[in-house]
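Notes for the structure review
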Amino acid sequence: MVNREVVPGGGEVVTPRRRVRLAGWTLIVLAPILLFGLIEGGVRLFDIQPSIDREAALPVWLDRNILVKESRWIDLLSGSPKDLRNYYLTYRWDRYLFYRLQPNLDLAMTDITAPAQIRGRTRWVFHTNAKGFNTPDVIYEKPPGTFRIVTLGDSSTFGWGVDTDRIYPHVLRDLLSRRHPGRAIEVVNLGVCGYSSQQGRVLLRREALPYRPDVLVFSYGSNDYSLVPEPFDEVYERNLGWSGALREILNHSRAYQVYAALLAGRTGERARGSQEAPGAGGVLNVGPDKSRENLIQMARFADERGIDPIFVTNCVPGDMSAPMREAASEKGVPLVDTEALLRASIDGIRRGERFGEELFYYRGLYGARMIEEFPWLAVYLTDECHPNVIGHRILAEALVPVVEATPSFERFASVSP
């Protein structure tokens, strides 16, 4: 059956039959979109929320890679459902970084690794600014005559377990400002809990560089050794494509969240299912070789833009620090070894040479017997990984001369204020 007509001049017109067919195909294509739109509107109109356990819920965007990586942390927090809920309320999905922090948070948290009898007294505030970072709100455009440092890292840089005004990026700012009165010095902290060097490499380009820093402080490595179903760089490359774009759309949908929550089940079932999935836990999320390459690339990226890089090791005992040490050696980047620095400070602190007021607080919190049994509690939280208030102060003090020795700071200090 012919469904077109030839007209003078070689053109053609669409007949009614062909119009019907085109309309039919258009309806077939648009029907799922229209249906999804109606469902989404209904879910939002009636304020339907994901039907998950409100006290111990994992967000539906936690895919198998992040879920497996977080499994130990989830197990630890599962004994304190409220803390587990609060912890995952702090995050949202991100196409390029896998996840990022929610903006404008002030959530009460506890040191979950502390003994149960004192846990309630270890409260601190999980704070984020309007961009989702534990730092004051600072505009991207750097004011004239301002020296700006941007710190990138994981939970130690974020300041896990310590209130915002006492974490090392902010103490560093205060110390430098006191040593150089009348000069404008800013420190922007872009540390995010759980970030690997792969995420740090992406964060550097997407968030850190717009601040036009003079110095970049990198502290990654402690999250580069998790066993997951597939490497993080492969996940990142996939998210750059159409599937990542689709997930980005879906993760803004309430209807999708409700549907995914119904499939996900409860916390224990999700974590157990991910751990038992075929191939789960089979490869390193980053691993030492890629970690070293990421750090080298970050240092090179800084050098090419006239920014001075500094490396800081945090919570990377033994061989875990090797990638950063090798990268620092190859690129000639100054390195602050937090592990060695804090360990070397313990005896003096316990003798009362410094930080008497802070040590008095920790003795009261843990008890003198526990402090004697675990001397490292003088500088670490109870996980023997994250610096406590004293540890953050010691690290900030160690960074001051390193920052002052950078060419960018020497130029800044040589100009009259």
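Above this note sits the structure.
A brief report on the enclosed structure follows. In this convention, every chain numbers its residues from 1, walking through the sequence in written order. For a predicted model such as this one, the threshold for reporting local features is a pLDDT of at least 70, and the threshold for listing and counting side-chain atom pairs is 80 or more; totals across whole chains, interfaces and linings nevertheless cover every residue. The basis for every side-chain value is the complete set of heavy atoms in the structure, and neither hydrogens nor water enter the calculation.

The nonpolar core is taken to be a set of buried Ala, Val, Leu, Ile, Met, Phe, Trp, Tyr and Cys residues, with the residues joined through side-chain atoms within 4.5 Å. Three exposure classes are used, based on accessible area relative to the maximum for each residue type with a 1.4 Å probe and protein chains only: buried under 20%, partly exposed in between, and exposed over 50%. Among the nonpolar cores identified, the biggest contains 52 residues, and F126, L152, L190, L204, L216 and F311 are the most heavily contacted of them. With 22 residues, the next largest nonpolar core counts A114, I167, F355 and L359 among its residues.

Side-chain rings of Phe, Tyr and Trp (the six-membered ring for Trp) are treated as a pair once their centres are within 6.5 Å; stacked means planes under 30 degrees apart, edge-to-face means over 60, and tilted covers the remaining angles. Applying the stated rule across the entire model yields 15 aromatic pairs. Ring centres of F218 and F311 lie 6.1 Å apart, and the angle between their planes is 70°; this geometry places the pair in the edge-to-face category. With F218 in strand 9 (residues 215-219) and F311 in strand 12 (residues 308-313), the pair connects residues that are 93 residues apart, well separated along the chain. Look at F311 and you get buried, because its relative accessible area is 0%. Taken together, the ring pairs connect W124, F126, F158 and W160 into an aromatic cluster. Distance and angle both matter: a charge sits over a ring if NZ of Lys or CZ of Arg is within 6 Å of the ring centre and within 35 degrees of the ring normal. A cation over a ring is seen here: R183 above F412, with NZ or CZ 5.4 Å from the ring centre. Across the ring face of Y96, the terminal group of R206 is positioned such that the distance to the ring centre comes to 4.0 Å. Only DSSP runs of H or I covering at least 4 residues are called helices, and only runs of E covering at least 2 are called strands; the numbering of each starts at the N terminus.

Axis lines are fitted through C-alpha atoms, for helices just across the contact stretch, and the angle between N-to-C directions can take any value from 0 to 180 degrees. Orientation of helix 8 (residues 197-208) relative to helix 9 (residues 232-239), taken along the N-to-C sense of each, is 40°, at an axis distance of 9 Å. The angle between helix 8 and helix 9 falls in the class oblique. For the pair helix 8 and helix 9, the contacting residues are Q198, Q199, V202 and R205 in the first and F232, D233 and Y236 in the second. Nonpolar residues are Ala, Val, Leu, Ile, Met, Phe, Trp, Tyr, Cys and Pro. Charged residues are Asp, Glu, Lys and Arg, and all others, Gly as well, are polar. Split by residue class, the contact of helix 8 with helix 9 holds three nonpolar, two polar and two charged. Note on terminology: angles under 35 degrees are roughly parallel, angles over 145 are roughly antiparallel, angles of 65 to 115 are roughly perpendicular, and the others are oblique. Contact between two residues is taken to exist if any of their heavy atoms lie within 4.5 Å; hydrogens are not considered.

Inspection of the sheet shows strand 3 (residues 91-94) paired to strand 4 (residues 98-101) by four bridges, in the antiparallel sense. Residue pairing for strand 4: D94 is matched across the bridge by F98. For two strands to count as paired, DSSP must find a minimum of two bridges between them. Between strand 3 and the antiparallel strand that follows it, strand 4, lie three residues.

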